[in-house]
Amino acid sequence: MSDRARKIYLLTCIFAPFLVYCIYYYSKMVGKAAYNFKEFEYISYKYGPGNNMLNSYDSRTGIYIFETETNDSLKKFSVKLTNEELQEIHRKMIDMNFFDIPSAIKSVSEEYGGVDKGVVYEIDMAYTRKTKSVKWSVSSSNSNLNERMGQLVLSINKTLSGSKNRKPLIVN
């Protein structure tokens, strides 16, 4: 093999895999770019035991309904989250890799055909080009996803309960 052919062979062996990896890596990055806050439309957040999701929030309507722990009654609030609060939730979702989480995180009993009686959370984030929806059962066996989703849920609850634009709604 000539010296020139050897150099071409080495360059091909080194740069071709590197180029393929770069294309693969950056295509993933471009795919995630669709979840940009500028294109954010709404967040929908529901939770409750099993399929009974009494507690909910929808940023389109601004209505936050939750069940009180003391007397099991429903309270209804009008909560208009500011752009800063929505951006905080969006940033937390990016930090927790929410957009890489599978759409359903089932409990052990659900995986084997049973019914989950634990708390289930459903979070929908809608953007102009994409929508991401995750349904998470607290009794899931995946500890890594449980930790990430638990931190995200705590952050959303903290934002909703601490919002300055929170007003009680009178239900007729």
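Our subject is the structure that appears above.
Since we're looking at a predicted model, the values are computed, not measured. (Residues numbered from 1 in each chain as written. Predicted model: local features only at pLDDT ≥ 70, side-chain atom pairs only at ≥ 80, totals over all residues. Heavy atoms only, no water.)

Draft legend 1. Quick look at the sheet that holds strand S4 (residues 74-79). The eight strands are arranged S5-S7-S6-S1-S2-S3-S4-S8 in an open sheet whose pairing can be described as mixed. Edge strands, defined here as strands with exactly one partner in the open sheet, are strand S5 (104-105) and strand S8 (166-168). Here strand S3 (residues 63-67) pairs with S4 via five bridges, running antiparallel. In the sheet register, Tyr 64 faces S4, and the bridge partner there is Phe 77. (Pairing = 2+ DSSP bridges. Helix = DSSP H or I, 4+ residues; strand = E, 2+ residues; numbered from the N terminus.)

Draft legend 2. Region of interest: the pairing of strand S1 (residues 40-49). Counting buried positions along S1 gives seven out of ten residues, so the element sits mostly inside the fold. Two elements, S1 and strand S6 (residues 119-127), share nine bridges in a ladder whose sense is antiparallel. Of the residues in S6, the one forming a bridge with Phe 40 is Tyr 127. Connecting S1 to the next strand, strand S2 (residues 55-58), in antiparallel fashion are five residues, including Gly 50 with a positive phi near 60°. (Buried < 20%, exposed > 50% of the residue type's maximum accessible area, 1.4 Å probe, protein only.)

Draft legend 3. Expanded view of a nonpolar patch on the surface. Together, Met 1, Tyr 9, Leu 10, Leu 11, Ile 14, Phe 15 and Phe 18 make up an exposed nonpolar region whose accessible area comes to about 830 Å². Judged by relative accessible area, which is 55%, Ile 14 ranks as exposed. (Patch = residues over 30% accessible without salt bridge, like charges linked within 9 Å, V, L, I, M, F, W, Y side chains within 5 Å. Areas by Shrake-Rupley, 256 points an atom, 1.4 Å probe, with all protein chains shown as cover. Salt bridge = Lys/Arg side-chain N within 4 Å of Asp/Glu carboxyl O.)

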